[in-house]
Structures are given as C-alpha cells and as structure tokens.
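# Coordinate inspection notes
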Amino acid sequence: MIRRDALDQLPVRTALPALRAALDGPGSAVLCAPPGTGKTTLVPLDLAGLTGDGPLRRVLVAEPRRMAARAAARRMAWLLGEEVGTGAAPAQGWGRVGYTVRGERRAGPRTAVEVVTTGVLLQRLQRDPELAGVDVVVLDECHERHLDADTSAAFLLDVRETLRPELRLVAASATTDAEGWARLLGGAEGAAPVVEAAGVSHPVEVVWAPPERPVRPPHGTRVDPALLTHVARVVRRALRERTGDVLCFLPGVGEIGRVAGELAGVDAEVLQVHGRAPAAVQDAVLAGGNGVRRVVLATSVAESSLTVPGVRVVVDSGLARVPRTDHARGLSALTTVRASRAAARQRAGRAGREAPGAVYRCWPEGEDGRLPAFPDPEIRVADLTAFALQAACWGDPAADGLALLDAPPAGALAAAREVLTAIGAVDGDGRATERGVRMARLGLHPRLARALLDGAPEAGVRRAAEVVALLSEEPPRAYGDDLAAAWRTARRGGDAYGARWRQEARRLASAAGEPRGGSGVDTGAGGGRGVGQPRAGADAGGGRGAGEPLSDDAVAGLVAALAFPERVARARGAGSYLMASGTGAELAGAGAQAGWGHRPGSSGAGDGSGLRDAPWLAVAVADRPVAAASARVRLAVVIDEETARAAAPALYASGEEVRWSDGDVVARRVTRLGAIELAARPLTAPDPGLLREAVVSGLRREGLGLLRWPAAAASLRQRMAFVHRELGAPWPDVSDAALLESVEEWLGVELGRARRRADLERIDAGQALARLLPWASGDAVRFDELAPERIEVPSGSRVRVDYGGAQPVLAVKLQELFGWQESPRVAGGRVPVLVHLLSPAGRPAAVTADLASFWRDGYRSVRAELRGRYPKHPWPEDPSAAEPTRHTSARLKRG
C-alpha cells in the first residue's frame, strides 16, 4: 500500500511536472532541492512511474556512500509499502526498489528503482556502456564533488552523445553549482533546464561556542584532544539548554569514539554513525527514537542523502576528513581540514528538517568568513590513479574528451599514469592493457588490484584477497599498526569491521578467480608466479625451503609490498626508516612527532611492538603531518630484503655513482632499491665525465670559494667586473651566477684534471679567469688601458687602483699629486677615478673626483689642519704649481 499521506507532504512534488517536462524534452536536467524535500526518494519513484503518474521506467539512482544508498532504498520501499527486495516478489509487487553496493546486492529483474553507489555505477558503465534497460539515471548529491561521481557524470554524458541519446539524466543536489552542472549536462545544445523545489524551511538558531583556550590546528588525521573534550562539553550543554535529539558532526571514527567516551553517563542514548558502523546501528539511527533522547555522533555521512528523525540540535566540530595526495612523496591519505561554509550550512540544516532548531558551532564567529566557501572537488586534490585507469579503460587515456566540471591537474594525472605503467595496467601510449581492464573490474584501487593479481600465485588467492581486503579499508585503530597482527585480529574478531572484511575478502577471492567452494585459507603451495613477478625468496621471520608455502606474516608483507613498492623501507635508527621513495618514515612514538601522543586506540608500536626492531618494513598506510620532516607510519608489516626486491624490481638498480657529497667528490659502485642503498664499494677509476659533473656540481653548490683566489686574481675579477658594468659587451659578466653558469668555458682545462676538493683548492682562479677576456675580437689588448691595475702619479709612484666599489678609487698621499691639474679617468675617459688624498702618515685627509676644484677650494682647509701636525712635510700655498714629492722638506733640500 503506497503511503500517499507521506508522499503528499514532500515539497518536491511541486517541481515534478517541470522535471518530467525537462526529461521529455532535452532529456537532462539539474534538480535543486533543499534537504528534506524528497528529492532522493520521491523523485526516483515518480520518474519510474511507481506513484501512479507517468509511464513505467527503470531508474538508477547513484549515491556517494553505501550508507546513503541503503537508506534511500529502504525509505523508498517504505513509501511504497514494501520491503527492499531481491526480485522474488509476490503478486503485489514486492521488490520494486532495490540497491547494490560493493559486496551486497538486493535487486532483481523486477526492480524498477535501483540505488547504487557511484563506484558501482562506474563498474557497470565499464561493463555495459549502454546501461541496457535503464531509462533514467539520477546522480544525487552532486555538490559533494566526489571523484567517482564526476567521472560517472562524464561517462554518462559520453553515452548520451554517442550511444543512447534517449537516456535521461538528472543531477540532483541540495546545494550545488546549478549553472555549471546545467552547462555540463546541456553540452553543445545549450544549458540543461534547472528545476528548483522550495523546501519547508524551519529557522535554525546559530550559537557560537568556541573553546575557551586556543587549540592546535589539525594535521594529518590528528585532532587536538582538547578540542574533542570541548565538543563533548558543548554536547552536554546542548542537552541542558535544548530539547530533542542532538546530532554531532566529527571528522572521523577515532574522534567519534573519543567523544563517545567523554559522554559516558549522559542522560541520553549515544549512537555512533559512520561508514564503518554496522547496518543495524545505521538503521536504528534512521528509524528514530523510541521515547529515549539520543545523541548521534556522525561523520559527514550524515550531512546529506538521509534524514535523522528527531534531531533538533546540531553540534558542529567544524572539521572534515578529505583525501589528499602528496605526489612528491607518493603518500595518499585522509587529512583533517576545516569544513567549508557550504558544509556548515548543510550540517546546520539537519537541525531544521522537522521543526525549529539550533546549531552550536565550535569555532569563533570571526573565523567563519575565513572558511573556504566550498569543499575542494576531489579531482583537484585526490590520488588520480583509479581515475586514470577508468579513463584509459573508457578509451580516453588523456581524459581530454571527458565532460568534467574541473579538468584533472596535469601533474597528478602524469603521476597516476606512471603508476599504471609500472604495474602493467596501461601501455606506452596510455591505453588500457588486458591486465589493466581486469584490474579495473576488481573494484579496487589499481595498486591493490596489482597486489591481488600478483600476490595470488605466491600466496594463494584466498590469503592474498584477505590481505587486500584489509588494505582496502584500513582496520580500526584498536587493531594496531602491525598488518600481520591486524589480519589475525580480523580473523578472530566478531566486530562489524571483521564482518565487512570477511565479506570483502570473499568478493575479492571470487573476482580474482578462486573456484567457488574454496577453502577458508589457501596455503599458497600451488600456482604459478604473478605477472612479471619474481618469486619472493624468504619468509619475513626466517628462511624457507623450496616449495614451502609462505607463512601468513610473509604473505602480508609480500602483498603490502606489491601494493606499495615505493614504500618498502629499511631501518636507519630506532623506530626510523627510509622508504624507497626517498621519504623518511617513523613509527608512532618515535622522533619529534611523538609530542602529539598516540592516536585514540593506537598500539604505540614505536614504544615496543615487533615493528620497532624490524630491519625492513612494507608500509601500507602512512601520512605526513604538516611541517614534519618524515611520514608517520600507521600500518606496516615486517618483511626482508628479498621480499622488498621481489616486490619492487623496477626500483632495483646497480651502477656507478660519482657525485658531490658532504663537501667532496664521492665515487662508488652502488646497488640501490629506489633511495635505499643496499651495497656500495669505492671506485678506483671513475668515469671522467661523471667525475667532471660531480666537480662542477660541487662548485655550483658550494660556490667559487672552493678555488684559490690570491690578491692578483681578486683584483683581476674586480677590474673585469668594472669594465663589464661600464661598457657591457664584449666584456664578460664575472658575477658569481655568471661564472658558475659558464664554469665549463673558463675553467674547463683545470676541471679536466680535478678529482677531489683538494684539486679545486689548488687552482689559481686568476689564470683561468683571464680566458674570458675577449681575445677573439682583439678587445682584450685594451683591457689594461680601460681598467689599469696601477696609475702613475706625478711623484713617479705607480699606485694600485681599487675597483671593488661603485667607483674606482686611487688612494695616494696628497704631496705626491702636487702639480696634477685634473683627476685621472678610466674606461676610455668615461669614469673619473675617486681620489682618496692621504696624510703623510697614510690617513684619509680628503676625497675628491675633481682635483682642480680641490686645489682651488678644499686644499686650504686641509693644509691648515695638517701642516701643524706634519711640519716636516711641504705644504705649499699653490699645490698646483708645486713639485710633487714622496719625501719631507729636508730631504727635498738635500736633493
């Protein structure tokens, strides 16, 4: 029995005629409807013709999360008076609404509305691009801009353009870039219609509730415990000040557990909702309370797609967890960030779905305007390896023919293609190989797909699938950071994670080719090797004989290393490792990062687990906190060197290394696994070319001070710099930057003989520098004329000119210039020399660039001051006509 009363109360009903008209016309539309209007539930039912209006159609609804997909299907089935079915329906039509998520399907041939995750939709499009039998696709919650959703939209638009122009497409969201989506869906024919539905808006009071003391900003997955304690206090405050249930938004499972512990003893039922929560808990939250007040602690899964009945208060921590990729270090992980203003509005709206409510925001009002307006689209910030493989399998390796709201960043896409090429998923032109297509159909990240396919022949399909299932959804923190130990815990555990893990392991084993009815744990004794994969030689805990199966610990290590070969790591100190990628890694509790303390529920492996003393690790999960020099290991497993080499053959290399290191030339034959040095021995006769490159590298790194610069060399460089500054070409630039750039030109002969730092220190830089003078043009012969090293003064002395300043300086005793009418000039007469007139004792007496003016105007005061101090020296009244001298008056009289 259709629940007409509930359907009639959904505000989106008023927009249905316009939506149907848009789909009957252009065939696509953007639906903007506020939360709680029925866009996720009534619209698909109406488009499928299940509410009594319009023709019967098959509708596919894509949701970004499994929880939302299940909840939407159950709600639609409830509105029809049915249950979500499998297709074996009785006469009244039971089973017309179903859902499919990874590892679970409740739909059949009679299903008219099927709700799927965007990941499932991508898989279905790759297998059946025409989506045979589907009439309408609804992409829900488009504003969240998940990568799978954007990719699905691009593929669907391609299908509409080339294969099925009659396929109808709806982009639906509560808050979205309607204009952008309209242009995208409309394509060359112009923007698609935008259909808006007005919602029933209840007022939501905003209460600003920042912490009393500053808290540390989040970094990586870490959140200051002081903030979580404050959030718990705000929840208690909301329970005192308000009525109704409380919905509290937190970034992740660990923070939910921490706040739940802080709320022990409150007069309310505390529920935890996140993607890992058991289906029974999710159903209980969405079903509403039974008279007992509730506090629902949730991640962003509760922002949209579903309504939590009874909520009148929202407590917002202001944090969200999003995917980020450090392409330089090859690290992809979830990162805690400040939630956007759009997300904050979405969260606040949950308090006003059913009645007036309130939102308590745990940050200062003054910071609100500085929050980002919208969350970053995943395509801009996430790991694009899976996207690149999907695009390659779709036939568009460059993704430049896909209709996307945001183009993928070129650098991230190039990094993704490198990974895909390395694992054999694409060929040299970027096209998907047969192996790549198989990887894409496993429903895994390509790295994990490679680990499953190449690990199964060594470890057995079932055991490889079990480890990959652990890697595909990170185990709870309580399982610790030792992957092998976590595997054993999952096998024993009866928790929700263990149930999901077993289901996923069975799915992967089946997808990878394990025969139905296979044993619970494959011994790994049979089977050939993985594609292009050398045999893993030794057990992580010790050697094994030929033909012996790998132990579970060795299997965990091999599979993790196959998934992340650049993260195999060798110890370099207590709890500290170097990964093959070149990034340092530290176990929890090791190094400076320990100041944050352990994550809630973590094992503290850096303080005493079996990982701490392991010579080699395969790092499965790591992140790099802001400002930290090393990555933090969150999940790893002990391996040995042979396993590391077997998993990363492309990183294994042996060759001559001649480089500048620690202030001198180092020449060695080195065997490496990526950045990890496995073995080295000195080279007695290094390649001359490599030696020359190393010496030049040292000069450019440490500067020209490595050479010998006697006074004559320094003077020559100053003179050359002066001429270049005043006259330009053909006189060379002799600045540090220019000399280091042209070092091969002027120092080439000496470089050919240099083998170490000491050889450089013996090179007279002046002799080499003279080679840069313009000898070929003949101008070099004028160098001494243009920038004379010394100038002869009237006394007969040849005085050195200092070219080290902005103007050449001639420092000479005043009496030696008697009779000189004009100051000397250099650079072909262009530049006057600045004369520093010295006393008989060599102390500065005056400075002039115009000697005639000085004799006329300045000499008298200098004479008056110095003649009493130096009475034995001549001080004529007319110096311009006097005889120059280097001697005293008495000496002059003696002749």
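Each value, and the rule that gives it
Residues numbered from 1 in each chain as written. Predicted model: local features only at pLDDT ≥ 70, side-chain atom pairs only at ≥ 80, totals over all residues. Heavy atoms only, no water. pLDDT = per-residue confidence, 0-100. Contact = heavy atoms within 4.5 Å. Pairing = 2+ DSSP bridges. Helix = DSSP H or I, 4+ residues; strand = E, 2+ residues; numbered from the N terminus. Axes fitted to C-alpha atoms, helices over the stretch in contact; angles between N-to-C directions. Salt bridge = Lys/Arg side-chain N within 4 Å of Asp/Glu carboxyl O. Buried < 20%, exposed > 50% of the residue type's maximum accessible area, 1.4 Å probe, protein only. Core = buried A, V, L, I, M, F, W, Y, C linked by side-chain atoms within 4.5 Å. Left-handed = near helix turned anticlockwise from the far one by under 90°. Nonpolar A, V, L, I, M, F, W, Y, C, P; charged D, E, K, R; others polar. Expected span 1.5 Å × (residues − 1). Parallel < 35°, antiparallel > 145°, perpendicular 65-115°, else oblique.

## What about the confidence of the model for the protein chain?
- When the pLDDT values of the protein chain are averaged, the result is 86; 89% of them are 70 or greater.
- Every residue in residues 87–93 is under pLDDT 50, and counting partners more than four places away or in other chains gives nine contacts.

## What about the sheet that holds strand β18 (residues 576–579)?
- The strand order around the closed barrel formed by five strands is β17-β18-β19-β21-β20, and the pairing between neighbours is mixed. Across this sheet, the average inter-strand angle for adjacent strands is 55°, counted without regard to direction.
- Across three bridges, the pairing between β18 and strand β19 (residues 584–586) is antiparallel. Residue serine 576 lies in a different strand from β19, and its bridge partner there is glutamate 586.

## Considering the pattern of salt bridges
- Summed over the entire model, instances satisfying the criterion amount to 58 salt bridges.
- Here glutamate 367 and arginine 338 are joined by a salt bridge, their closest N and O atoms 3.2 Å apart. Here glutamate 367, found in helix α12 (residues 365–368), pairs with arginine 338, found in strand β15 (residues 331–338); they are 29 residues apart in sequence, far enough to count as distant.
- Under the relative-accessibility criterion, glutamate 367 is labelled partly exposed at 26%.
- Close ionic contact of glutamate 504 with arginine 507 constitutes a salt bridge, the shortest N to O distance being 2.9 Å. Placement of the pair is glutamate 504 and arginine 507 together in helix α20 (residues 496–511), with a separation of three residues, close to one helical turn.
- With a relative accessible area of 7%, glutamate 504 lands in the buried category.
- Salt bridges sharing partners connect three or more residues here, namely Glu657, Arg659, Arg668, Arg672 and Glu677.

## Some thoughts on the nonpolar core
- Residues Leu121 and Val137 are the most contacted members of the largest nonpolar core, which totals 105 residues.
- Tallying contributions element by element places helix α21 (residues 552–563) first for this core, with nine residues.
- If we ignore the near neighbours within four places in the chain, the residues touching valine 137 are Leu60, Leu121, Leu131, Leu156, Leu167, Arg168, Leu169 and Val170.
- The next biggest cluster of nonpolar side chains, apart from the first, holds 64 residues, and it includes Val734, Leu747, Leu760 and Phe783.

## Thoughts on the sheet that holds strand β31 (residues 844–848)
- Taken in spatial order, the five strands line up as β25-β26-β27-β30-β31 in an open sheet, and their pairing is mixed. Lying at the two open borders of the sheet, with one neighbouring strand each, are β25 (790–792) and β31. Within this sheet the neighbouring strands show an average axis-to-axis angle of 30°, counted without direction.
- When strand β27 (residues 809–813) meets strand β30 (residues 834–838), the two strands line up parallel, connected through five bridges. Looking at β30, one finds that valine 812 is bridged to leucine 837.
- In this fold helix α30 (residues 851–866) packs onto β30 and β31, with an angle of close to 165° to the strand it touches most, β31.

## Comments concerning unusual backbone geometry
- Residues alanine 729 and proline 730 are joined by a peptide bond in cis, for which omega reads 5°.
- Along the chain, the position of proline 730 falls in the loop between α24 (711–727) and α25 (736–741).
- In this model, alanine 399 sits at a positive phi of 60°, which is unusual for a non-glycine residue.
- Mapped onto the elements, alanine 399 comes out in the loop between α14 (385–394) and α15 (410–422).
- Assessed through its relative accessible area of 5%, alanine 399 is described here as buried.

## Let's talk about the packing of helix α5 (residues 118–127) against helix α6 (residues 147–162)
- Viewed as axis vectors pointing N to C, α5 and α6 meet at an angle of 35°, and their least axial separation amounts to 9 Å. The element α5 and its partner α6 pack so that their crossing is left-handed. Residue-level inspection shows Thr118, Gly119, Leu121, Leu122, Leu125 and Gln126 of α5 in contact with α6, the latter providing Asp148, Ala149, Thr151, Ser152, Phe155, Leu156 and Val159.
- Grouping the amino acids of the contact of α5 with α6 by side-chain chemistry returns seven nonpolar, five polar and one charged.

## Some words on α6
- Taking 1.5 Å per residue as the helical rise, α6 with its 16 residues ought to reach 22 Å, and the 23 Å between its terminal C-alpha atoms agrees with that figure.
- With respect to burial, α6 is a largely interior element, twelve of its 16 residues being buried.

## Points about the environment of threonine 40
- One can find threonine 40 in the loop between β1 (28–32) and α3 (42–47).
- Distance in space between the C-alpha atoms of threonine 40 and methionine 76 is 8.7 Å, their sequence separation being 36 residues.

## A short note on the pairing of strand β3 (residues 97–101)
- In terms of burial, β3 is a largely internal element, five of the five residues being buried.
- Here β3 shows a buried face lined by Val97, Tyr99 and Val101 and a second buried face lined by Gly98 and Thr100.
- Summarising the sheet, β3 and strand β5 (residues 113–117) pair through four bridges and their orientation is parallel. From the neighbouring strand, threonine 100 faces β5, where its bridge partner is valine 116.
- Sheet analysis places β3 next to strand β4 (residues 104–106), joined by three bridges and oriented antiparallel. In the sheet register, valine 101 faces β4, and the bridge partner there is glutamate 104.
- Counting the residues that bridge the hairpin from β3 to β4 gives two residues, and of these glycine 103 lies at a positive phi of roughly 85°.

## Here's the deal with the packing of helix α18 (residues 461–472) against α20
- α20 packs onto α18 with a crossing angle of 130° between their chain directions and a minimal axis gap of 8 Å. It follows from the interaxial angle that α18 and α20 lie oblique. The hand of the α18/α20 crossing is right-handed. Where α18 approaches α20, its residues Val461, Arg462, Ala465, Glu466, Val468, Ala469, Leu470 and Ser472 are matched on the opposing element by Tyr497, Trp501, Glu504, Ala505, Leu508 and Ala509.

## Some words on the side chain of serine 839
- Structurally, serine 839 can be placed in the loop between β30 and β31.
- Assessed through its relative accessible area of 3%, serine 839 is described here as buried.
- Among all residues touching serine 839, those that are not within four sequence positions of it are Lys813, Ala845, Leu866 and Tyr870.

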